[in-house]
Structures are given as C-alpha cells and as structure tokens.
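Notes for the structure review
Chain by chain, the residues run as shown.
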Amino acid sequence: MCDITTVLSVDLLAQVLDWLHDSRDLKSCRLVSRAFLQAERMHRRAIRPLRLGPLPVLLRRYVGSLQSLDLSSCPSLDDSALSLSIPCPNNLRSVSLSRATGVTWRGLEVLVSVCPKIEAIDISHCVGFGDREAAAVAKACWLKELRIDKCLNVTDVGLAKVAVGCSRLEKLGIKWCFEISDIGIDLLVKKCLELRELDISYLKVGNESLRSIASLPKLEDLALVGCEYLDDEGLYFLSNGNCSLQSIDVSRCENVTSVGLTTLAEGQQRLRKINAGNCSPVLTSTFVSKLCTLGDTLIILKLDKLQLSASALEIVGKNCRNLFEIGLSKCNGVNDEGISWLVEGCTHLSTIDLTCCLLVTDKSLLSIAACCRGVKCLWLESCVLISEKGLDQIATCCTDLKEIDLTDCNVNDNALKCLSRCSELLVLKIGLCSGVSDIGLSFIGTNCSKLLELDLYRCTAITDDGLAAISNGCKRLKKLNLCYCNQISDTGLSHLQLEELSDLELRGMVRITSSGITAMAVGCRSLTQLDLKRCYSIDDAGMWALAQYTENLRQLTISYCTVTGLGLCHILGSLRCLQDVKMVHLSWVSIEGFELALRASCGKLKKVKLLGKLQDVLSPELLQTLQARGCRIRWVNKPLVFKG
Amino acid sequence: MKQTIGELGIELSSDSKMDLKLTRNSESFHNPNSSNYNLNSFNQAPQYFPNLSPTNFLSRAENLQQNLKTKSTNTFEPNLNSGMATQNPPLDWDPHAMLSNLSFLEQKIHEVQSLVQSIIEQQAEFSSRPSELATRQQLATADLTCIIIQLISTAGSLLPSIKNTLLSNNPALRQLVNPDFNNNLKCEGLMRNFPETAKNSEYEDLLRNLDNEADWMKEPNPPPESDIVDTNPIDEHDLKESDDGDAEREHLPPGSYIVLQLEKEEILAPHTHFCVICGKGFKRDANLRMHMRGHGDEYKTPAALAKPSKEPGSDAHPVTRYSCPFVGCKRNKEHKKFQPLKTILCVKNHYKRSHCDKSYTCSRCHAKKFSVIADLKTHEKHCGRDKWQCSCGTTFSRKDKLFGHVALFQGHTPALPMDEVKASGSGQGNDEMTEDLGGYNGNFASEECLTGMDVKGIDESRAYFSPMNFDGFGALDEFGRGGFDLEDNPFAFIPSGFGQRSGDS
C-alpha cells in the first residue's frame, strides 16, 4: 500500500489540520494511519483533558508541541496531581485551572516554577483562592494574561503581588474579587503599563479607580459591569485619560447616567463597542446624538433596558452605519417605526437583540428582512405580536440566519415551516410555544441538519414522533432542552441517538422511566450535563445505565427521582468525570446511602446540592473532607411537593 | 433646718447634673425615643431612681410608687402629665410647667397636711389600733418623699435653662451642643468633655453658691459657666496639640513679653497648688480651696472660696512666656534663637520630653519609651497597628501608605498578611498535603520553605494580632469608661444622700 505521506508531507498535513476545528474530525484524522497520528501529534497545540488518569501519558506524547493545557474540567485535581501531571521541560504557554478548587498555592507555585514560558493563567472561579495564591501566580514574570475572576479572597495585597510580579500583563480579569479597592487598582495601573484588557466588573471600587485606569496608555478594553460605586464623574476621568478605549462595558452600573456616557463618547473617539445596558433607565437624546461623533467606528452597541424613542433609533441608524450588533432588550418605547429607521441605516447588522420589546410586530421583521440581509442572530423572546408572516420574510431574505430565539412568541408549526428554510440554522429556541407540534418539528428535522441547539422548554404539544424527527434529522445537536414536554415517553427517548449531544434537560418529564434513560444513554455517549429533576419514575436502573454508558457526565441533577442508596452509590462511585450533583429530596435514599455515596465520590465533586436536613445527620468528617477537597455544598430547605 | 437646706442644696445641684446629662444624651443620640426616656426619667423620678440607688431607697421608692398609685387619685395625673409635656425639651425652661409643678406640690402639701390633721384628730382611735397608725404614718412619709422628689426635679428643671442662656452667649459652646450636627465623633467629644467640667468646677461652684445661700438663680452668668469656658482650653488633649512650638507661630518681637523661668523642681513637681498650713499638694486650685475650708472658718467665706477672678487690669499685663531652665536648650532664654514656651504646661511637657529620662515603656512593643504619660497613651492606641508590611521589612500603619511605598520602589511588594498563612496552615488536609508533595516533588524548594513558613507565620501572626485585638478592646473599654464616668459620677451621689436622709426621717 502506498504511503500517503510520500505525497502529503507532514508539514503539509499539518497545514491541512489547521483547518480542522471539530474534535471529531481530528479524531477521524488520527485514525487514518500512523503517519497521520504523528502529524496530528506534532500539530496539536492545546489539550483539554476530561479526566486526570490518562493525563501524564497524553502530556508525554505531546510534550514538545503543546502550548495550552486546560485542566478546568478535570475532577479531583489537587496539588499533587497537578505537580505530577505537568512534565518538567515543556513549552506550555497557557494553563487553565478554572474551578480547580482542590489546588492550593503550593500547586500553583510548582506550576509556575516548572513552566518557565507560561504567559497565560486562568484560575477563575476558584472561590477559596486568596492573596497567597495570587502571590504564587505572581512569580510567573512573563505572564501576559491572567484571570482571577471570583477568587473571593484576593485583596489589594494579592493584586499588588500580581502587579509587581507580572509587569508585562496585557489582559487581566479580576471580576468579583470583592475585596479589591481603589488602592489596589491604583498600584496595578502604576505597575502594569502594558495592560490592554481589564475586567473589574462587580468590584466595589469608586471613581478614583477610573482616574487611575484612565492613565493606562495602552488600554483598549474595559469592563465595568455592575460597579455600583462608579458614576458619571468616573466616566469623565476616562474620557480625559491617556487611553484610547475601543470597548467599554458599563452595563448594570446603576449610577452611570447618560451624562457620563455623553462625556465618554466625546472623549473616546475610537470606541468600537459600548455596552450601556441596565444603567440608569432614562437615556437622554444627547447621548444618542453624541454617538454620531463615533459614527463609523462603532460596531457594537448595547442599550438594554433603556428608554429609547423612535427618534433615538433614527439617530443611531443615520450615524452608526457600521453597526454590527445592537442590543435593545427590554427597551421601553422600541417600536416598528424605530426599528425601521434603525435598520435602514445600519444595513450591516448581524445580531439584533429585541428580547421583550413588546411593541415589535411583523412590520419590524419585514424591515429587518428588507435591509439587513446578513443578519445572523435574531433574539425575539417575548415579542408576542410577531407571527409566521414576518418570520417567513426573515427566512426568505436572511438565508444566513444562524440563531433565532422565539421563546414565548406563540409561534406555530407554520412559522417553523418557514424557518426550516434557513438551512444554516444552528440555534433554535421555541420554548413556551405551545402551538408547536410534531409537524413543525418534522420540518426542522428535515431541513436544519446543522442545528446545534434546540430549546423545546414546555412545548407541551410535542410527542415521541416529533422527538424522533429531530433526532433523525439534526444529528449534530449538542444541546437539547425537553423540560416539561410531558407527552414524551420512553419511546421518544429511545429515538435520541445523538452522538454529539452533551447537554440534555429532561426536567419534569413524568412519563419517562429508567428504560427510556437506558436507551438514551446508549445513544448519547458524550453527555456531560443531564437534568432529570422531577422525573419521578426514574430509579436505580437508570442510574446503572448512566454509570455504564455516559462516562463523561459532569453535571447531574436527580432531585425527586426514586433512586435508592444503592443506585446513588453506584453512579457517584463510577462516573469519573462527575463534578456537580444536585440530589435534593431523594426520599428513597437513607442517610447511610448519602454518606456512602458522598464518600465514594469524595475528591471529584466540586458542587453538591443537598437537603438542608442532612446537614446535621451526615458525619462532620465527611463534610469537612468534602470542603477541604474544594467541594461546595448548598443546603436547600424546600418542602417535598410533587408537581405533575 | 440649715443642714436640711444644705443637703437639699446638694440634691438640687446633683439633680441638675442629671438633668444636664440627660439633655446631652437626648441631643447626642438622635433617637426619637430619647426624649421619652428623658421625660420619664425626669418626672417620674421614683421610677428612675431605683435603677441607680441602694436597695433601701429602692424598696422605699417602690413603696412610694405603690402608694401613689393607690392613694393619689386622678386629680394628680393631669398635673403630672402637663408637667411632663412642657418640660420637654428640657433646655427650654417653661414657666408654665414650673407653675403647674408648684401647684402640684402645693396640692400635695395640702394633702399631707390634711392627712396629718386627721391623724391628730383620730389619735384616740389609733391608740387601740396601732397598726392603722403605722399605715397612716407610712402614707405621710411616702407623700413627703414624693414632694421632695418633685421639688428636686422642679428646681432641677431650672438649671439647664440657665445653662442654656450661657450656651447661647458663648458661640464655641453653642456650636458644641448644636443639635443639628449628627456627627457621632463630635458627640463623643462632647460627652467626654462634659463630665470633667461638670465634675470639677461647675459642681463645686454650684455647691459653694448654694452653701452660701447665694441667690445664684438671679445671676445671669454665674461663675461655673465662665469656668466651663475657661477649663476647656486647659484640657489635656489640647495641650498636646498646642505643644512647644506655639510661640514660633506667634512671632512675638523679643521684649514684647515677660519671660519666666521655672526651676527644674517646680516643673517636675506633681502638684502645683500647696496648702500654706499643712503643705498638702493639689493638682487643682479648686481642690485646694475646698481643702482650705477645713482649716478654719475664715476660708469658708464666699470671697475665699470664689475662684480667684482675673483682675480687671490683668489684660493690660504684658504677655508672659516661659523659658526652659535647661541651659543650651533652644527654649532657654540664653539661647541665641530663643523660642519661648507659651504656657506652664508647655514648659512641663517640653522639659519632660527633652530633658528627662523616658521612663514609660510601651507595654506592647516594649521598645518605645516616653517621658510624658499622655504620649505613651497616644502611642499605645496605635501600637501594633502597623500590620501593613512591605517585602523590604518596612511596616506601615495604613494600607495606602504601604501601597504608595510599593508604587515608588521597584520590586517591592506588600508582604502577605500573616493570618492567611495561619488559616491555610491550620487546615486539616494541609499537613498531609505537604508531606505528600514533599515525597515526590523536589520542585518545592521554592523561596518559602513550607514547614518553616507555617511555623513562622503562626508565631508572627500571634505577635501581630494579639496586640491589635487587645488594642481594640482597650479602645472599647475606654469608650465605655468615658460613658460611665459621665453617668456614674453625677448619679452616684444622689441616691446615697437621698437614701440616707429618707431613711433617717
């Protein structure tokens, strides 16, 4: 047999591989021949292991070329596992330890010392991390990118450590690090002059921080979401600062008004993205008129929950010709007239968010279809006045439509028939549309084969046949929501043979039993998230099937199921990737059952939701061990109520 | 009778203090209930006193209260109420309230009168039933007690009104008690300032005036008030601030003032006022004057007891400044660039600070020494608070100072607070972890040795934080004490005196 590598050399092959992004495609490629495997190995730059077990082998295989390592989905990652799994001479540039709650500063110190070239570290959502961890990270002096979002114990001291240690930082995320104050930000700004992106969302910092930040010469992207102590004065500092901002996010800053936004728009003429959603509800026309000075540069504008008149949208439409994305969610006063003015000017719009714009009717959809042919995402949740007439026009004109949200829009099968013409559709949300039936879904199943995400929340008219049509047609589906579709039975679930499905919600489907779950588990092996809350008929047999077939399951909700202690122990013990379990009101499980099950899974779990009453009866050692291993337990106090 | 009046006088003055104190209270806590509290404590004296009085008085007061309830009927209630309503706020003296109180007293006296009358009339009957006579007697006693209390509070209501006129005359004090400000700090200051002035000067003067049966009510500006104004600047806190360097700012031309130089012994003497007869030393002249009364009647005259007032011509006297007796000191008049000291207290503090041993050592750091005890106290307030440490070892009392330092110097970083090490070091799983890691990973030989760090961390954190906690408590204590001073002193006096007397009667 002729070796293909004689014609297709390894480096050429590597160039081909550059174009393959889907992990499944890469997998098939690896399986072609030894040479292909070799090429793929040399080409691979990043891995994201799901389990720790095979990690040392994997890393040894890729050690030369690997630059990026994402350990965020590994359960039971602790200091020893971390220091063991990272090979000593390596070229790692980026490591993600997001949600690695079992790791401590010691592990981080090892990581930093064995990866001399490391440039990016992500330790976000490690809620226990504090200054000591920050100090450990700060020893990576070449660091350019750091995320410490939601490391709740990081204070100004930790930030100062990072600022002094990593003076080359370009991107920094300190979202939700509530302890950080103006003093820390000020020092950061003085030490890290290279900062380009900064996220200080939800920090309790005041205008003084913005005065400091304004002096950063290279800052382009600034996120200030939910900084309640900032107001217009801070924006005034920003507008007069050294930096030439390209993107600013002041959404949810309660004290920021249009006055501040106006000064900002005057001072920062290169702004490309503005998110002013949920600021102060009144938007004076001065701000909108100032937007015209930004005119051509502005590409993203989000004005969620602001008061917008038709004339304001007219100004936006006339001036911001290059607008690419607009968010008008929950904007009072947005009507058909305003939308038509807007789209007439902004013909390049690709994403339009009209969530909860209650005045929007088919006329708006018609004008969007007429002007913005390239629209890709259309969010129309709760736009109750739209009908299949408008959607028909959208489907005809905007053939590139990829995402559409019609939740609670009362659409029917005819609308779905129209939409099914959009063969590029990736995301379709038709939750709460009780008019949608199997007929509508069959159109979708036949035509929208690329669909990745389908939301059928409370589409109560759907039966097993509709589900069959979907699972036969949309084979690439990754997310499927069937909550409260209570006509679907085991037969329907047995149709679910979706190899790529990773996220499945079956909440409140009272008719499904363990046999249905078994059939589904056999068909959907890559499931990582499964919600079976209030599926009252599911028992241990379902757990056995899940334990056996869905090895990658990471999040599981089995509250209110009729699982016994045996099933619980088995599933918690055998699923190696399981990290997040919600098991409230498992009335068939004894205290010993919980105790054993939690002991069996101890070390892997990062989040557990349990009934509050168990707090006193579970052994304190168990709870302590769980917490010491980085597991957060949420105690819920809810009465046991069965809902059909 | 004279004795009684004298004692009553004591009651009155001390009661007035209570009034004043209550007034301040209701001002400083902007609490809608405080006025109620004030009111209750004011007029329903029987209810208020028991809280602070010895038990014999307590039982008596309860008794009295019962009697009031059972015997004194509705006729008194409205009177009492009107009195309560009009006396609030107490700063404004209401003649109507006074009148109604007086008429209440009158009524009450009549009642007791008739009661006693009836006892006399029915004396024959009582001889057969002694128990009934005892009951009547008890009733009469209770009524009298009630009258006395009412009289005290009525008279007491006058005192703040005088006070008030003074306050309105003095802008500084008016600002101090301005009810508009909400600043707690100021209120604290006010409360801290108050007891001293009230205790030391005002009380004594009032007492004196009453003793001498002086008609103090008619005087618009009785001596005690001017005293308050005077004593304030000689408060210890102020002294420290107006330290040695005052004259520098004055730039008095040489020769425009008299230079006094006290001897070293004089400066260091603990007391400055000495009794010419027995030689006993006092810190305050007022105390000396009180002491002098024991040496004979000639020292009891109003003139002898009165505060030695400034002679009318005293302002014409040339300005007096002081020189330090230490030769070679800049504050010594022989020095080329002589800078005089402004007051005797400045001299004292300067001499102690500059030319004496520092004998007071801080009990926390055992390093800092002071010669002026007030300096030590100031230091102790802050000692141990330098918890902000830089990697270079420098410590700072404030975070922003540390961060300013870190910003200035290349490579300096804030040191990690030690409590965190402690927290992570004390974790259950951590020791195992350390062992585990030490077993198979040599990379841990990073700058901070693991176990060493832990031990050090815990020790240091103890050293760091225990004083701070201590300090916190200390501060609390101090504050609490301040409050007690205020409440205790004026009150401690009343019940005992009153209780005894009522017990005697």
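Bear in mind the structure is a predicted one, so any value in this text is a computation, not a measurement. (Residues numbered from 1 in each chain as written. Chains lettered and ligands numbered in written order. Predicted model: local features only at pLDDT ≥ 70, side-chain atom pairs only at ≥ 80, totals over all residues. Heavy atoms only, no water.)

**A word on the overall build of chain A**
- Of regular secondary structure, chain A possesses 27 helices and 24 strands.
- Going through the 644 residues of chain A one by one, you find that 57% of them count as buried.
- Long-range contacts, defined here as pairs at least 24 residues apart, represent 74% of the contacts in chain A between residues at least 6 apart.
- Entry remark: accessible area of chain A is about 25,200 Å², with carbon and sulfur atoms responsible for 51%. (Helix = DSSP H or I, 4+ residues; strand = E, 2+ residues; numbered from the N terminus. Buried < 20%, exposed > 50% of the residue type's maximum accessible area, 1.4 Å probe, protein only. Contact = heavy atoms within 4.5 Å. Areas by Shrake-Rupley, 256 points an atom, 1.4 Å probe, with all protein chains shown as cover.)

**Some thoughts on the UniProt feature "domain: C2H2-type" (unreviewed entry) in chain B**
- Under the UniProt annotation, the feature "domain: C2H2-type" (unreviewed entry) is placed at residues 273-300 of chain B.
- Secondary structure over residues 273-300 of chain B splits into 29% helix and 14% strand, and the C-alpha atoms at its two ends are 18 Å apart. (UniProt positions renumbered as here; feature names shortened; annotations may be inferred.)

**So, unusual backbone geometry**
All names here are of chain A.
- Unlike most non-glycine residues, cysteine 356 shows phi in positive territory, near 60°.
- Residue placement: cysteine 356 occurs in the loop between strand E13 (351-353) and helix H16 (362-371).
- Phi at leucine 432 is positive, roughly 65°, even though this residue is not glycine.
- Mapped onto the elements, leucine 432 comes out in the loop between strand E16 (427-429) and helix H19 (438-447).
- A relative accessible area of 33% places leucine 432 in the partly exposed class.

**Section: the packing of helix H24 (residues 565-574) of chain A against helix H25 (residues 591-601) of chain A**
Residue and element names in this part refer to chain A.
- The geometry of H24 relative to H25 is characterised by a closest axis approach of 8 Å and an angle of 10° between their N-to-C directions. Comparing their axes, H25 and H24 come out roughly parallel. Residue-level contacts link Gly565, Leu568, Cys569, Leu572 and Gly573 of H24 to Gly593, Phe594, Leu596, Ala597, Leu598, Ala600 and Ser601 of H25.
- Across the contact of H24 with H25, the residue classes tally to eight nonpolar, four polar and no charged. (Axes fitted to C-alpha atoms, helices over the stretch in contact; angles between N-to-C directions. Parallel < 35°, antiparallel > 145°, perpendicular 65-115°, else oblique. Nonpolar A, V, L, I, M, F, W, Y, C, P; charged D, E, K, R; others polar.)

**Description of the side chain of Ser247(A)**
All names here are of chain A.
- Locating serine 247 in the fold gives a position in strand E9 (residues 247-249).
- For serine 247, a relative accessible area of 11% corresponds to the buried category.
- A distance of 3.4 Å separates a polar atom in the side chain of serine 247 from a polar atom in the side chain of aspartate 221.
- Leaving out residues up to four positions away in the same chain, serine 247 has contacts with Glu220, Asp221, Leu222, Leu271 and Lys273. (Polar contact = N/O pair within 3.5 Å; in protein donor to acceptor, adjacent residues only side chain to side chain.)

**Focus: the nonpolar core**
- Among the nonpolar cores identified, the biggest contains 204 residues, and Ile213(A), Leu224(A), Leu238(A), Leu328(A), Leu506(A), Leu532(A) and Met583(A) are the most heavily contacted of them.
- Those residues in contact with Leu328(A) that sit more than four places away from it in its chain are Asp304(A), Leu308(A), Leu313(A), Val334(A), Ile339(A), Leu342(A), Asp353(A), Leu354(A), Thr355(A) and Cys357(A). (Core = buried A, V, L, I, M, F, W, Y, C linked by side-chain atoms within 4.5 Å.)

**Considerations on the packing of helix H9 (residues 182-191) of chain A against helix H19 (residues 399-408) of chain B**
- Across the interface, H9(A) lies against H19(B) with an axial gap of 10 Å and an inter-helix angle of 5°. In terms of orientation, H9(A) and H19(B) fall into the roughly parallel class. Side by side, H9(A) and H19(B) meet where Ile183(A), Gly184(A), Leu187(A), Lys190(A) and Lys191(A) of the first sit next to Lys399(B), Asp400(B), Phe403(B), Val406(B) and Ala407(B) of the second.
- Across the contact of H9(A) with H19(B), the residue classes tally to five nonpolar, one polar and four charged.

**A few points about the packing of aromatic side chains**
Residues and elements named next belong to chain A.
- This model, assessed by the stated rule, comprises four aromatic pairs over all chains.
- Seen from their ring centres, tryptophan 176 and tyrosine 202 are 5.3 Å apart, and the 10° between their planes marks the pair as stacked. Here tryptophan 176 is found in the loop between strand E6 (171-173) and H9, whereas its partner tyrosine 202 is found in the loop between strand E7 (197-199) and helix H10 (207-213), with 26 residues between them in sequence.
- By relative accessible area, which is 24% here, tryptophan 176 ends up partly exposed.
- Taking NZ or CZ as reference, arginine 132 lies 5.0 Å from the ring centre of tryptophan 105, over its face. (Phe/Tyr/Trp six-rings, centres within 6.5 Å; stacked < 30°, edge-to-face > 60°. Lys NZ or Arg CZ within 6 Å of the ring centre and 35° of its normal.)

**Overview of helix H17 (residues 388-397) of chain A**
- All of the buried residues along H17(A) are Gly390(A), Leu391(A), Ile394(A), Ala395(A) and Cys397(A).
- The elements touched by buried residues of H17(A) are H16, strand E14 (377-379), strand E15 (403-405) and helix H18 (413-419) of chain A.

**A closer look at a positive patch on the surface**
Residue and element names in this part refer to chain A.
- Where like charges cluster on the molecular surface, the positive patch consists of Arg99, Arg458, Lys607, Arg632, Arg634, Lys638 and Lys643.
- Relative to the helices and strands, lysine 638 resides in the segment after strand E24 (632-636).
- On the accessibility criterion, lysine 638 (38% relative accessible area) is partly exposed. (Patch = residues over 30% accessible without salt bridge, like charges linked within 9 Å, V, L, I, M, F, W, Y side chains within 5 Å. Salt bridge = Lys/Arg side-chain N within 4 Å of Asp/Glu carboxyl O. Lys, Arg positive; Asp, Glu negative; His and termini not counted. Charge placed at Lys NZ, Arg CZ, Asp CG, Glu CD.)

**Description of the environment of Leu146(A)**
Residue and element names in this part refer to chain A.
- Within the secondary structure layout, leucine 146 lies in strand E5 (residues 145-147).
- When the C-alpha atoms of leucine 146 and isoleucine 121 are compared, they prove to be 5.0 Å apart, with 25 residues separating the residues in sequence.
- Contacts of leucine 146, omitting those with residues within four sequence positions, involve Ile121, Val137, Val162, Leu169, Lys171, Leu172 and Gly173.

**Some details on a nonpolar patch on the surface**
- Together, Leu358(A), Val384(A) and Leu385(A) make up an exposed nonpolar region whose accessible area comes to about 270 Å².
- When you line up the elements, Val384(A) lands in the loop between E14 and H17.

**Observations concerning the pattern of salt bridges**
Residues and elements named next belong to chain A.
- Applying the stated rule across the entire model yields 31 salt bridges over all chains.
- For the salt bridge of glutamate 194 with lysine 218, the shortest nitrogen-to-oxygen distance reads 2.9 Å. In this pair, glutamate 194 sits in the loop between H9 and E7 while lysine 218 sits in the loop between H10 and strand E8 (221-223), placing the two residues 24 residues apart along the sequence.
- Judged by relative accessible area, which is 31%, glutamate 194 ranks as partly exposed.
- Measuring nitrogen to oxygen at the nearest pair gives 3.5 Å for the salt bridge that ties aspartate 400 to lysine 402.
- Since its relative accessible area comes to 23%, lysine 402 is described here as partly exposed.
- One network of salt bridges, in which partners are shared, links Arg24, Lys478, Glu499 and Glu500.

**Concerning the side chain of Asp362(A)**
Residues and elements named next belong to chain A.
- In this structure, aspartate 362 sits in helix H16.
- Buried and unpaired, aspartate 362 has no salt bridge, with lysine 389 as the nearest side chain of opposite charge at 5.3 Å.
- When residues no more than four places from it in sequence are discounted, the contact partners of aspartate 362 are Leu385, Ile386, Ser387, Lys389 and Gly390.

**Section: the pairing of strand E23 (residues 607-611) of chain A**
Residue and element names in this part refer to chain A.
- Buried residues dominate E23, accounting for four of its five residues.
- Across three bridges, the pairing between strand E22 (residues 580-582) and E23 is parallel. Bridging from a neighbouring strand, aspartate 580 pairs with lysine 607 of E23.
- In this region the chain leaves E22, passes through H25 and returns to the parallel neighbour E23; the handedness of that crossover is right-handed. (Pairing = 2+ DSSP bridges. Right-handed = clockwise from strand over helix to strand, strands pointing away.)

**A word on the environment of Asn275(A)**
Residue and element names in this part refer to chain A.
- Note on placement: asparagine 275 falls in strand E10 (residues 273-275).
- For asparagine 275, a relative accessible area of 15% translates into the label buried.
- Along the chain, asparagine 275 and isoleucine 326 lie 51 residues apart, while their C-alpha atoms are 9.5 Å from each other.
- If near-sequence neighbours (up to four positions away) are discounted, asparagine 275 is found in contact with Ile248, Asp249, Val250, Ser251 and Lys302.
- Only 3.1 Å separates the side chain of asparagine 275 from the backbone nitrogen of glycine 277, close enough to count as a polar contact.

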